There are 2 protein chains.
Amino acid sequence: MKVLVIRATGHHGASVIDGLLEAGNFTVQAFVRPESMTKPAVENLRDRGVEIRECDINGRLAELVKALDGIDIVISCVGTLQLDQLSLVNAAKKAGVKRFVPCGFITVAPPGGIMHMRDLKERVYNHIKQLRLPYTIIDVGWWYQVASLRVPSGKVDYVAVGLAEEIVGKGNIPSALTDLRDVGRYVTKIIIDEQTLNRMVFVYNTVMTQNQVYDLIEEMSGEKLERNYVADESIHARVAECRALAGKDATDPVKLHPLFLAEYKLSWGVRGDNNPDYAKYLGYLTSKDLYPDFEPAGFRDYLKSVFEGTAVVSIGIIG
Amino acid sequence: MKVLVIRATGHHGASVIDGLLEAGNFTVQAFVRPESMTKPAVENLRDRGVEIRECDINGRLAELVKALDGIDIVISCVGTLQLDQLSLVNAAKKAGVKRFVPCGFITVAPPGGIMHMRDLKERVYNHIKQLRLPYTIIDVGWWYQVASLRVPSGKVDYVAVGLAEEIVGKGNIPSALTDLRDVGRYVTKIIIDEQTLNRMVFVYNTVMTQNQVYDLIEEMSGEKLERNYVADESIHARVAECRALAGKDATDPVKLHPLFLAEYKLSWGVRGDNNPDYAKYLGYLTSKDLYPDFEPAGFRDYLKSVFEGTAVVSIGIIG
């Protein structure tokens, strides 16, 4: 199986590369833009056995089709703003790619006006379906890496990303959490599974409320956390404000980033979308049902590494 | 089981009413607007055992919720232009309806810019999903009643609707056909089936190309048919023209009707969307897989009734 990863050096791309190399039964390729060929991250991939192919996915269709020749599976981790997935989809169809994994990798949310990020992805999904390209959409819940937070002593500031320092509503909405490092391990199972062809799959490690996360961190750190509750109405107001600022068909990342963050909280924190039951209602298969023997990293273990100072610091911009 | 049919006197509504009454194990209700309470069609429904309830689905939400009290299943056959399904969906959620069948009842087509009619329905489907209302979407293929056509002698003009008098492309695209009268019979099975909850279901009787339809009609009538082939490019051009005329968010039926007809031909005739394989790819369950023992009316039998002069004349505007 020849698997191509697009944007192999992003968060999800890196996890997918790790998973594929660990599994050992794939030939792994990555497209790299001409101007990035000499970057250390690319050199690192090559050293680890990834075949690096110079290719700009914004380039000419014929060249993209040629570059995809012989590829069985494409895993696109382009991130939300890179809508050039559309030409990638066209090329994959022409090249006879057997399975295309578009860039999903977000929380569970319905399309149609809840999360702009989700709706941007829906355009790509619809394009895939209109071309009848074999596909699998994979969503992953909320990362452990963004669900944990600072403690007063400051000793875990080295992994702090500032996304959990407020509690949405009363903090009692269950939401699915996944270790980013497990995403790639799930992906290696999904992409060779006939059951997941032309389906949506939701992978997650555990389900917790924000209060439970805070309780666990207090227990493990021995420190008392301030609980900054933000009313549902405030989240709604924030979303409305961000939408107004971003405008109708916004493409400016500076405006979109706060919108995405606000709508994430609306979706998983207020609406409670990000859980396996709702995923199943929306038509997803789930990792727990598909792979009951899969042993995901526990959130407690992740936090342990955080407090021991050994957690990996790699989280930047969401998406 | 208490089943409410919305717009029970439309084409699909009438077929659904027939199916429900024939099945005999449902209490059947219909909403009728105040101004239509004394119409003969309504009187006819009452005579056949349908409970008639005066209710305007464009009315106040609280009244709509009250009117839905005790209803287990809602089957909406409102037609494409009646987007008031959104308040109906809101009311159904509040009233605790156990299954909502929104107005689907079209051919298989992907959302996202192929068929405006499909995309209007998608808005309703997304609203349902955002509310987590239990639902089943049912699409039905192309009716026998609109797939057949005039013969030179004029003897079947009494059922002619003028939708099959041109052949799209070379006429070799397989497309699913269904007897409108079977739709209700399929629906009675689907709405009490746990497998179909929160799923899309595609019901169809047979799959034929336009050339096969023409061949069969020639064979049965003994008359030679003119074959008026219209190139794919002409259908594309017609669609582009209708879209330009209709504008972006068109609601004017006079502009939408030709658009819908042109896009139907684009979808089933050029793209070949309307078939069971593509339906399955899009996530539909199919009537053949779900109910292998169901005996659908044959197209040959339908045509026989057409040539014998006993076919029912009831087809007006599509949708």
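Residues numbered from 1 in each chain as written. Chains lettered and ligands numbered in written order. Predicted model: local features only at pLDDT ≥ 70, side-chain atom pairs only at ≥ 80, totals over all residues. Heavy atoms only, no water.

1. Focus: the overall build of chain A
- Along its length, chain A carries 13 helices and 13 strands.
- The globule rule puts the C-alpha radius of gyration for 319 residues at 20 Å, and the 19 Å found for chain A is close to it.
- C-alpha atoms of chain A, sized along the principal axes, occupy 55 × 45 × 40 Å.
- A burial count over chain A gives 56% of its 319 residues as buried.
- The long-range fraction of contacts in chain A, counting pairs at least 24 apart against all pairs at least 6 apart in sequence, stands at 77%.
- Looking at chain A as shown, the accessible area adds up to about 13300 Å², and 51% of this sits on carbon and sulfur atoms.
- A gap of 5 Å separates the mean positions of the 37 positive and 40 negative side-chain charges of chain A. (Helix = DSSP H or I, 4+ residues; strand = E, 2+ residues; numbered from the N terminus. Rg over C-alpha atoms; globule rule 2.2 N^0.38 Å. Buried < 20%, exposed > 50% of the residue type's maximum accessible area, 1.4 Å probe, protein only. Contact = heavy atoms within 4.5 Å. Areas by Shrake-Rupley, 256 points an atom, 1.4 Å probe, with all protein chains shown as cover. Lys, Arg positive; Asp, Glu negative; His and termini not counted. Charge placed at Lys NZ, Arg CZ, Asp CG, Glu CD.)

2. Structural notes on helix α7 (residues 180–190) of chain A
- With 8 of 11 residues buried, α7(A) is to be regarded as a mostly interior element.
- Every buried residue of α7(A) is accounted for by L180(A), D182(A), V183(A), G184(A), Y186(A), V187(A), T188(A) and I190(A).

3. Remarks on the side chain of E166(A)
Residue and element names in this part refer to chain A.
- With respect to the helices and strands, E166 occurs in the loop between α6 (144–147) and β8 (167–168).
- Look at E166 and you get buried, because its relative accessible area is 13%.
- Engagement of the side chain of E166 in a polar contact is seen with the side chain of K265, the distance being 3.0 Å.
- Residues contacting E166, with those up to four places away along its chain left out, are Q210, Y214, N228, V230, I235, R238 and K265. (Polar contact = N/O pair within 3.5 Å; in protein donor to acceptor, adjacent residues only side chain to side chain.)

4. Topic: the relation of the copies chain B and chain A
- Between chain B and chain A, the superposition needs a rotation of 180° and an axial shift of 0.0 Å, giving an RMSD of 0.0 Å. The transformation relating the two chain copies, once decomposed into turn and shift, fits a two-fold axis. In terms of C-alpha distance to the rotation axis, chain B has G283(B) as its closest residue, with the C-alpha 4.3 Å off the axis.
- In this assembly the copies share their binding face: 100% of the residues contributing to the interface of chain B also contribute to that of chain A. (Least-squares fit on C-alpha atoms with pLDDT ≥ 70 in both.)

5. Some thoughts on the interface of chain B and chain A
- Of the residues lining the interface, 20 residues belong to chain B; the matching set on chain A comes to 20 residues.
- With both chains or domains summed, chain B and chain A bury close to 1600 Å², and 43% of this area falls on carbon and sulfur atoms.
- Ranking the residues of chain B by area buried against chain A places Q130(B), R132(B) and Y281(B) at the top, with a combined share of 46%.
- Between R132(B) and D273(A) there is a salt bridge; the shortest N-O distance is 2.5 Å. (Buried area = accessible area lost by both parts, 1.4 Å probe. Salt bridge = Lys/Arg side-chain N within 4 Å of Asp/Glu carboxyl O.)

6. Focus on the packing of helix α9 (residues 232–246) of chain A against helix α10 (residues 253–271) of chain A
Residues and elements named next belong to chain A.
- In contact at an axis separation of 9 Å, α9 and α10 are set at 150° when each is read in the N-to-C sense. Classified by the angle their axes make, α9 and α10 are roughly antiparallel. Every pair of crossing elements has a handedness; the one defined by α9 and α10 is left-handed. Along its contact with α9, which presents D232, I235, H236, R238, V239, C242, R243, L245 and A246, the element α10 presents K255, L256, P258, L259, A262, E263, K265, L266 and V270.
- The residue inventory of the contact of α9 with α10, partitioned by class, reads 11 nonpolar, 1 polar and 6 charged. (Axes fitted to C-alpha atoms, helices over the stretch in contact; angles between N-to-C directions. Parallel < 35°, antiparallel > 145°, perpendicular 65-115°, else oblique. Left-handed = near helix turned anticlockwise from the far one by under 90°. Nonpolar A, V, L, I, M, F, W, Y, C, P; charged D, E, K, R; others polar.)

7. Overview of the environment of G162(A)
- For G162(A), the location among the structural elements is in the loop between α6 and β8.
- Along the primary structure G162(A) and V146(A) are separated by 16 residues, whereas in three dimensions their C-alpha atoms are 7.8 Å apart.

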